[in-house]
Amino acid sequence: MGEISVTSSRYAKSHQAHDLSRKHHDVARKSSSWWNSPETKRKKRVARYKLYAAEGRVKSSVKKGFRWVKKTFSRFVR
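Not measured: the values here are computed from a predicted model. (Residues numbered from 1 in each chain as written. Predicted model: local features only at pLDDT ≥ 70, side-chain atom pairs only at ≥ 80, totals over all residues. Heavy atoms only, no water.)

A.B. asks: Just checking my understanding: could you explain a positive patch on the surface for this structure?
C.D. replies: A cluster of basic residues, Lys41, Lys44, Arg45 and Arg48, forms a positive patch on the protein surface. Looking at the element boundaries, Arg45 is found in helix H2 (residues 38-77). (Patch = residues over 30% accessible without salt bridge, like charges linked within 9 Å, V, L, I, M, F, W, Y side chains within 5 Å. Areas by Shrake-Rupley, 256 points an atom, 1.4 Å probe, with all protein chains shown as cover. Salt bridge = Lys/Arg side-chain N within 4 Å of Asp/Glu carboxyl O. Lys, Arg positive; Asp, Glu negative; His and termini not counted. Charge placed at Lys NZ, Arg CZ, Asp CG, Glu CD. Helix = DSSP H or I, 4+ residues; strand = E, 2+ residues; numbered from the N terminus.)

A.B. asks: Would you mind going over the pattern of salt bridges with me for this structure?
C.D. replies: Overall, the coordinates contain one salt bridge when judged by the stated rule. Two residues, Arg42 and Glu39, come together in a salt bridge whose shortest N-O distance is 2.9 Å. Placement of both Arg42 and Glu39 in helix H2 is noted, with a separation of three residues, approximately one turn of the helix. Assessed through its relative accessible area of 37%, Arg42 is described here as partly exposed. (Buried < 20%, exposed > 50% of the residue type's maximum accessible area, 1.4 Å probe, protein only.)

A.B. asks: How do you make sense of the side chain of Thr40 when you look at a structure like this?
C.D. replies: In this fold, Thr40 is placed in helix H2. A polar atom in the side chain of Thr40 sits 2.8 Å from the side chain of Ser37. When sequence neighbours within four positions are dropped, the list of residues in contact with Thr40 reads Trp34 and Trp35. (Polar contact = N/O pair within 3.5 Å; in protein donor to acceptor, adjacent residues only side chain to side chain. Contact = heavy atoms within 4.5 Å.)

A.B. asks: How should I be thinking about a nonpolar patch on the surface in this particular structure?
C.D. replies: Together, Trp68, Val69, Phe73 and Phe76 give the surface a local cluster of nonpolar side chains, amounting to about 500 Å² of exposed area. Since its relative accessible area comes to 54%, Phe73 is described here as exposed.

A.B. asks: When you look at the environment of Trp35 in this model, what are you seeing that I'm missing?
C.D. replies: With respect to the helices, strands and loops of the structure, Trp35 is situated in the loop between helix H1 (2-32) and H2. Residues contacting Trp35, with those up to four places away along its chain left out, are Thr40 and Lys44.

Spelled out as structure tokens, the structure:
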């Protein structure tokens, strides 16, 4: 009978450890899914669109600046 209680206590301990590791895994999965949520993905996508728009404005401004410099210096040369 003593053998049964030792075996059952080992089983209970290993089962508790398994349950704790499963709970830890579930918590880790839930906490790590915040960066993978649809709302977060949408925010990242919108931020990229805004970045591309700003990039376009900077490129356009630089091109206009070079055109102005080129036009201004070509007037002095003539």
